[in-house]
Each structure stands twice: as structure tokens, then as C-alpha cells.
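# Notes for the structure review
Take a look at the letters that make up each chain.
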Amino acid sequence: MTLLQLTDVTGGYTRKPVIKDLTFSIGQGELVGLIGLNGAGKSTTIKHIIGTLLPQSGEIRLNGVTLNEDIKKYRSSFSYIPETPVLYDELTLKEHLELTAMAYDIDQYTLKSRSEDLLKEFRMEKRLNWFPSHFSKGMRQKVMIMCAFLVNPQLYIIDEPFVGLDPLGIQSLLDQMDEKKKDGASILMSTHILSTAEKHCDRIILLHEGRVRAQGTMNDLRRAFNMPDATLDDLYIAMTKEQDHE
Ligand SMILES: Nc1ncnc2c1ncn2[C@@H]1O[C@H](COP(=O)(O)OP(=O)(O)OP(=O)(O)O)[C@@H](O)[C@H]1O
């Protein structure tokens, strides 16, 4: 079943569009990678999906509704992990988790049991009463990740999840993502770590200058580029060369 559907979405920050005629979908239980060069429009696409930017034309449906039709249903269907962590300086890690629970109507019992698992998984149990100013970059990222997983939504939207995490943190995140997928949740992640994307994504969307250059499984992409044995790195470089010819 389709959870997220973008249809001919054009949008950006000014009247000049950054993303153009984007059409793609994410099904239940799917991990989809959003891949493209710096400036290709990955973060801009994500901003449209989470509703901080509105499409100039086209439509985004999540769980069957657009943001305008049912803002509550739309918003509660996803959680978002931004590229740069956004934390409250005056709240401890524990308070960040509590605030998230409050915002999403998560009861105390669920908060406690989910938090315990996440704190252990991300090796943050001893830092519950710390403030963000004492966290390293990776730890700040982990706070955002834990808050997103605490919510247990149908769709996770993750912008550049692996930057700043140590190898254990990356493995924990991949494990969490795998577990959520098994429970039927969907994940959209943008990343430049192509080997990880190739290994873990069910489908990949290759964005090029704001348009979908190709999408599908690795085999679909290989066919689209006519490169039968290519890795995602090979395909990516081929796409870059297309740009150089223009
Ligand atoms: N706040 C903004 N206002 C105006 N233009 C912006 C803004 N943010 C990004 N852009 C422009 O939108 C285009 C796409 O940027 P975007 O951040 O979506 O790329 P990206 O694919 O996420 O890149 P990266 O891999 O570097 O994160 C770029 O040309 C960029 O200059």
C-alpha cells in the first residue's frame, strides 16, 4: 500500500522552482533513498514533504490526505530527523524525550519502555540529565534520532542520517530502521553514503537538478543508465558526467 505519494510536485523558495515535476511514492515497509549531488534538491524535497514549504503545483499525499485536507492526520503520520540537530538548550536529554512524548500523546508507560530501549541502543543511558551544550555533535544527532523513534510513526524522514555518527551509532541507526521496517513503517532518507544506500535501500530515487533522473531498485537504475553491472557509485558518476556535458 502507498503511504506517501508525490505527484508532479514543483516547488522551491522563490518563484523560480528548485524541484520540478517530482513524482514518486513510498510504500508501507519500504526504505527509500534520496540520492543526488549537492544542490540537487534533496533537502528541498524533504521540506515540501514535511510541510515547511508548500508546492507551487502538484500534490503530496501522506496516509491518503494532503496537509490542507487534514493537518493533524498528516503531521502525526511522520517524524523527521533534520540534517542539523535542533535542540532546546535549556532542556536535558530526559526532558527532550518527555517533551516529544507530550507533543505526540505518548503515555508515561510507553515513554519509559521505548526510552529505555533507545537509550541503551544509542549508548546514552548515562547522559539523561545532560544539557545539549555538553553533547558532542554525534550525541546531538542521537537525541534527535531517539526523539523520532520514540514517536513510532508510519513514516520516518531522515536527512543525511550518518554524518557525525560513529560506526556504532550508524549500526544502531540501521538496526532501528530495520526493526521499524519489519513492523511495517516506511523510511525516506537522503544520503551521500552510496554504499550504505545501495546495501540497505529497497528503492532509490536519483535526483538531478531538481528532477527525478531515475528511480527504482538497483536493477531498475542499471537499466535506466544502460549499465548492467554498475554499482550505485558508478551510476552516480555517470549522472555527474551527464551534468558536465550540459
Ligand atoms: N533557504 C533557501 N533559500 C533559497 N534557496 C535555497 C535555500 N536552501 C536551498 N536553496 C537552493 O535550493 C537548491 C537545492 O538545495 P538543497 O538544499 O535542496 O540541495 P541538497 O540536494 O539537499 O544538497 P546537499 O547535498 O548539499 O545537502 C540549491 O540551488 C540551493 O541553493
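Residues numbered from 1 in each chain as written. Predicted model: local features only at pLDDT ≥ 70, side-chain atom pairs only at ≥ 80, totals over all residues.

When you go through the protein residue by residue, the secondary structure sums to 9 helices and 9 strands. Taken against the 2.2 N^0.38 rule, which gives 18 Å for 246 residues, the C-alpha radius of gyration of the protein at 18 Å falls within 12% of a compact globule. C-alpha atoms of the protein, sized along the principal axes, occupy 55 × 40 × 35 Å. Sequence-distant contacts, at least 24 apart, represent 70% of the contacts inside the protein between residues at least 6 apart. (Helix = DSSP H or I, 4+ residues; strand = E, 2+ residues; numbered from the N terminus. Rg over C-alpha atoms; globule rule 2.2 N^0.38 Å. Contact = placed C-beta atoms within 7 Å.)

Here we come to the site of the ligand. Residues in close proximity to the ligand include Tyr13, Val18, Gly36, Asn38, Gly39, Ala40, Gly41, Lys42, Ser43 and Thr44, which together make up its full environment. With 3 residues, helix H1 (residues 42-50) is the largest single contributor of residues to the shell around the ligand. Residues that form the shell around the ligand fall into these classes: 3 nonpolar, 6 polar and 1 charged. (Near = placed C-beta within 6 Å. Nonpolar A, V, L, I, M, F, W, Y, C, P; charged D, E, K, R; others polar.)

Right, let's talk about the sheet that holds strand E2 (residues 19-27) for a bit. In space, the 3 strands of this open sheet follow the order E2-E1-E4, with antiparallel pairing throughout. Two strands close off the open sheet at either side, each with one partner strand: E2 and strand E4 (57-62). Within this sheet the neighbouring strands show an average axis-to-axis angle of 10°, counted without direction. Relative to E2, strand E1 (residues 2-11) runs antiparallel, the two sharing 6 bridges. Each residue of the ladder has a partner; that of Leu4, found in E2, is Ile26. (Pairing = 2+ DSSP bridges. Axes fitted to C-alpha atoms, helices over the stretch in contact; angles between N-to-C directions.)

On to the sheet that holds strand E9 (residues 211-216). Spatially, the 6 strands line up as an open sheet ordered E5-E6-E7-E3-E8-E9, and their pairing is mixed. Each edge of the open sheet carries a strand with a single partner, namely strand E5 (78-81) and E9. Strand-to-strand, the axes of this sheet are offset by a mean angle of 15°, without reference to chain direction. With 4 bridges joining them, E5 and strand E6 (residues 155-159) adopt parallel strand pairing. Note on E6: the bridge partner recorded for Ile81 is Ile158. Against the sheet, helix H5 (residues 137-151) engages E5 and E6, with an angle of about 175° to E5.

What follows covers the pairing of E1. Alignment of E1 against E4, held across 5 bridges, turns out to be antiparallel. Its bridge partner lying in E4, Thr10 is registered against Ser57.

Here we take up the packing of helix H4 (residues 108-121) against H5. Interaxial distance between H4 and H5 falls to 10 Å at its minimum, and their mutual angle equals 145°. Pair H4 / H5 crosses with right-handed handedness. Touching Arg114, Ser115 and Leu118 of H4 are Met146, Phe149 and Leu150, all from H5. Its residues placed into classes, the contact of H4 with H5 shows 4 nonpolar, 1 polar and 1 charged. (Left-handed = near helix turned anticlockwise from the far one by under 90°.)

A separate point is the environment of Lys180. Assignment of secondary structure puts Lys180 in helix H6 (residues 167-182). For the pair formed by Lys180 and Arg127, sequence separation is 53 residues and the distance between their alpha carbons is 25 Å. For Lys180, the contacting residues outside a window of four places in its chain are Tyr156 and Ala185.

All right, on to helix H3 (residues 93-103) then. Turning to H3, its buried residues are Leu93, His96, Leu97, Thr100 and Ala101. Down the axis of H3, the smallest arc covering the buried residues is 135°, so these residues share one side. Of the exposed residues in H3, the ones pointing more than 90 degrees away from its buried face are Met102 and Ala103. Summarising the contacts, the buried residues of H3 are in contact with H4 and H5. (Buried ≥ 20, exposed ≤ 12 C-beta atoms within 10 Å, placed from the backbone. Arc of directions from axis to C-beta.)

As a further point, take the UniProt feature "domain: ABC transporter" (unreviewed entry) in the protein. In the numbering used here, UniProt assigns the "domain: ABC transporter" (unreviewed entry) feature to residues 4-234. The annotated region residues 4-234 carries 39% helix and 24% strand content, and the separation between its end C-alpha atoms amounts to 29 Å. (UniProt positions renumbered as here; feature names shortened; annotations may be inferred.)

Let us look at the pairing of strand E8 (residues 203-208). As judged from the 5 bridges shared by strand E3 (residues 31-36) and E8, these two strands associate in the parallel manner. Bridging from a neighbouring strand, Gly36 pairs with Leu207 of E8. Sheet topology places E8 next to E9; 5 bridges connect them, and they run antiparallel. By the bridge assignment, Ile204 is partnered in E9 with Gly216. Taken together, E8 and the strand that follows it, E9, pair antiparallel across an intervening segment of 2 residues, in which Glu209 is found at a positive phi of about 50°.

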